[in-house]
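# Residue-level structure breakdown
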Amino acid sequence: CDQKMAGNLSSIYQTLISLLNLSTQSFYFQDEIVNTFLDKMTGSITSKVSKHEDHLARLVLGARVPAQILEHILADKFRRSTVPSVAAEQLSPQVVEKVLRNVVQQKFEQRAPSGDLYDEFLRLLSGEQQSLMEISYTKQQQKQKQKQQNKNQDSDTMDIFNRKNQLEVEIETDNYFQYTMTPQSDVPRIALGLPIPIPIVALTYSSSRSRAGGTGSARRRTIGVYPTLQFLYSHHVQADYITQ
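My aim in this report is to walk through the structure given alongside it, one point at a time. Nothing here was measured: the structure is a model prediction, and the numbers come from that model.

## Examining the side chain of Ser81
Tracing the backbone shows Ser81 in the loop between helix 4 (64-78) and helix 5 (84-87). There is a polar contact of 3.0 Å between the side chain of Ser81 and the backbone nitrogen of Val83. The residues touching Ser81, leaving out its near neighbours within four places in the chain, are Val86, Ala87 and Leu124.

## Examining the pattern of salt bridges
On inspection of all chains with the given rule, the structure shows 11 salt bridges. Lys51 is paired through a salt bridge with Glu32; the nearest N and O atoms lie 3.4 Å apart. Taken together, the residues Lys51 in helix 3 (residues 45-60) and Glu32 in the loop between helix 1 (9-24) and helix 2 (36-42) connect sequence positions 19 residues apart. Note that Glu120 and Arg123 form a salt bridge whose closest N and O atoms lie 3.2 Å from each other. Taken together, the residues span about one helical turn, with Glu120 and Arg123 both in helix 7 (residues 117-125) at a distance of three residues. Judged by its relative accessible area of 25%, Glu120 falls in the partly exposed class. Connected through shared salt-bridge partners, Glu53, Asp54, Glu97 and Arg101 make up one network.

## Some points on the packing of helix 1 against helix 3
Where helix 1 meets helix 3, the axes come as close as 9 Å, and the angle between the chain directions of the two elements is 55 degrees. When the axis of helix 1 is compared with that of helix 3, the two are oblique. Seen along the crossing, helix 1 lies across helix 3 with a hand that is left-handed. Residues Tyr13, Leu16, Ile17, Leu19, Leu20, Ser23 and Thr24 of helix 1 form the contact with helix 3, whose own contacting residues are His52, His55, Leu56, Leu59 and Val60. Looking at the contact of helix 1 with helix 3, its residues break down into eight nonpolar, four polar and no charged.

## As for the nonpolar core
What tends to happen in soluble globular proteins is that the nonpolar side chains get buried as a cluster. With 31 residues, the main nonpolar core has Leu70, Leu74, Phe78, Val99, Leu100, Val103 and Phe121 as its most contacted residues. The set of elements that each furnish at least two residues to this core consists of helix 1, helix 3, helix 4, helix 6 (93-107) and helix 7. Residue contributions to this core peak at seven residues, all from helix 1. Residues contacting Leu70, with those up to four places away along its chain left out, are Leu16, Leu19, Val60, Leu61, Val96 and Leu100.

## A few points about helix 7
Listed as buried for helix 7 are Tyr118, Asp119, Phe121, Leu122, Leu124 and Leu125. Its side-chain oxygen at 3.0 Å from the backbone nitrogen of Tyr118, Asp116 defines the N-terminal cap of helix 7. The first or second residue beyond helix 7 is Gly127, which carries a positive phi of 80 degrees.

## Digging into the packing of helix 4 against helix 7
It is at 10 Å that the axes of helix 4 and helix 7 come closest, and there the two elements cross at 90 degrees. Viewed along their axes, helix 4 and helix 7 adopt a mutual orientation that is roughly perpendicular. For the pair helix 4 and helix 7, the contacting residues are Leu74, Lys77 and Phe78 in the first and Phe121, Leu124 and Leu125 in the second. Classifying every residue of the contact of helix 4 with helix 7 gives five nonpolar, no polar and one charged.

Conventions we followed
- Residues numbered from 1 in each chain as written.
- Predicted model: local features only at pLDDT ≥ 70, side-chain atom pairs only at ≥ 80, totals over all residues.
- Heavy atoms only, no water.
- Helix = DSSP H or I, 4+ residues; strand = E, 2+ residues; numbered from the N terminus.
- Polar contact = N/O pair within 3.5 Å; in protein donor to acceptor, adjacent residues only side chain to side chain.
- Contact = heavy atoms within 4.5 Å.
- Salt bridge = Lys/Arg side-chain N within 4 Å of Asp/Glu carboxyl O.
- Buried < 20%, exposed > 50% of the residue type's maximum accessible area, 1.4 Å probe, protein only.
- Axes fitted to C-alpha atoms, helices over the stretch in contact; angles between N-to-C directions.
- Parallel < 35°, antiparallel > 145°, perpendicular 65-115°, else oblique.
- Left-handed = near helix turned anticlockwise from the far one by under 90°.
- Nonpolar A, V, L, I, M, F, W, Y, C, P; charged D, E, K, R; others polar.
- Core = buried A, V, L, I, M, F, W, Y, C linked by side-chain atoms within 4.5 Å.

The values reported here are purely geometric and, on their own, carry no functional implication.
Listed below in C-alpha cells is the structure:
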C-alpha cells in the first residue's frame, strides 16, 4: 500500500513494544506503568517513564533487525510528510533514538513541546498536523468512538447546575495525593460529606402509647431525610430540583 494514512501515537508506541518483544524473543511485554493516573498522583511517573524509554532504546536500538525495522518505518512515514523539513530529514541513529524517546514521553504525557523538528515528527506520528493530539485511523473508528461516548453519556448523565446554585470549594496544595492522606484536614472531602439542613423527604406518621387502664392519645412524629452535599450534586439529582 503506497497511500498516505493518518496514524496515531498509540500505534507507533505499540510498534515499539512489538520491536522490544522481537529483540527479547518474548511473546508479551510486562509493563511497570500500570496506572498512569496513580503514578502521576504519587509523583513516580517521571522516573518510570525515563526508565521505560531507556529500556526501549537499549534493547530495540541495540538489536540490528529491530533497529532497522524502526528506521525504515519512520523514514517511510516522514518522507510522506507535507512539512518539507520533515520529508527531507535524513534519519541518523541519534535522530531515531531521540524520536523513540519523544514518542514514549508523549505517550505518557510527560513531553513538553520543544519548538523544533521533533514537534513536527510527533505531529505526524500522532496523525494530526495542527497539534499533538491523537486521532483515530479511520472515519469509521471515529464514528464508533463517538457512538460509545454518546452511549456513556446517556447512561450516566450529570446535568449542569446553574451558576447561582453552584458551591465552590477551593484549596491550594503542591501534592494532592499526600493532602488526601489526612482525611481530617481534607476540606473537599469534609465539605462533600456535610449534611444539608433541609430534608429532601419528610415522612409523618402517628403513634399511640398505651397507658394503664386505657389507650393514650396519638402522637405525630416526623422522619426527615437529610442529603449530603455530595449526593445533592451527584448525577442522581436533576439540576432543576435545586432552586436555592
